[in-house]
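Notes for the structure review
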Amino acid sequence: MADGEGENVKVAVRVRPFNSRETARQAKLIIKMEGASTWIQDPDNPEEEAKRFAFDYSYWSHDEFVEKDDGYLQPTSPKYADQRMVFDDLGKSVLDNAWQGYNCSLFAYGQTGSGKSYSVVGYGANKGQQRRSYMPDCDVLVGEVFL
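Keep in mind the model is a prediction, meaning the values are calculated, not measured. (Residues numbered from 1 in each chain as written. Predicted model: local features only at pLDDT ≥ 70, side-chain atom pairs only at ≥ 80, totals over all residues. Heavy atoms only, no water.)

Considerations on the pattern of salt bridges
Within the structure shown, the criterion is met by four salt bridges. Residues E22 and R16 are paired through a salt bridge, measuring 2.9 Å at the closest nitrogen-oxygen approach. D96 serves as the salt-bridge partner of K92, at 3.2 Å between the closest nitrogen and oxygen. Here D96 and K92 lie together in helix α2 (residues 83-99), a separation of four residues that amounts to about one turn. For K92, a relative accessible area of 30% puts it in the partly exposed group. (Salt bridge = Lys/Arg side-chain N within 4 Å of Asp/Glu carboxyl O. Helix = DSSP H or I, 4+ residues; strand = E, 2+ residues; numbered from the N terminus. Buried < 20%, exposed > 50% of the residue type's maximum accessible area, 1.4 Å probe, protein only.)

Describing the packing of aromatic side chains
As enumerated under the stated definition, the model contains two aromatic pairs in all. Here Y57 and Y59 contribute two aromatic rings whose centre-to-centre distance is 5.6 Å and whose plane-to-plane angle is 5°, an arrangement assigned as stacked. What makes Y59 buried here is its relative accessible area of 3%. Summarising the aromatic geometry, the rings of F65 and Y80 are spaced 5.2 Å apart at their centres and angled 45° between planes, so their arrangement reads as tilted. Taken together, the residues span a long stretch of sequence, with F65 in strand β6 (residues 65-67) and Y80 in the loop between β7 (73-75) and α2 at a distance of 15 residues. Residue F65 is classed as partly exposed on the basis of its relative accessible area of 24%. Residue Y80 is classed as buried on the basis of its relative accessible area of 3%. Above the plane of the ring of W39 lies K32, whose end atom (NZ or CZ) is 4.8 Å from the centre. In this arrangement the basic side chain of K79 is found over the ring face of W60, its NZ or CZ atom lying 4.2 Å from the centre. (Phe/Tyr/Trp six-rings, centres within 6.5 Å; stacked < 30°, edge-to-face > 60°. Lys NZ or Arg CZ within 6 Å of the ring centre and 35° of its normal.)

Quick word on the pairing of strand β2 (residues 31-34)
Both β2 and strand β3 (residues 37-40) contribute to a ladder of four bridges, which runs antiparallel. Residue pairing for β3: I31 is matched across the bridge by I40. Count of turn residues in the β2/β3 antiparallel hairpin: two residues, of which G35 carries a positive phi of about 60°. (Pairing = 2+ DSSP bridges.)

Written out as structure tokens, the structure reads:
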């Protein structure tokens, strides 16, 4: 951080694709996102106006992607938030500040199975997408810290 600059708490929300259980139960999508706003529609009262919430970031990851042969979820529209986008918006500044010696935290909150771990570290071919071009190899990192 340069003198006079500061970081603020950033609040983000991300909607993930339905899991197999939700698909089997024919779950209904009740979330809409546009920009930093998220709307939630009461499924029992669809005629009511959806509730609007404002965040620093609203990440749409429910659909608008294709799964590549290796499992990577590639965006098919600018609306889709992949691991790279989430990392660039949230994780990169946390790491930058940590490397400069500042105390930093990244806090993921949500119900079990809601996508917290996936958003922070990813899985399969989507794991580590964010750090491949940003963080050094773990062996190099350990060497720098302990030498």
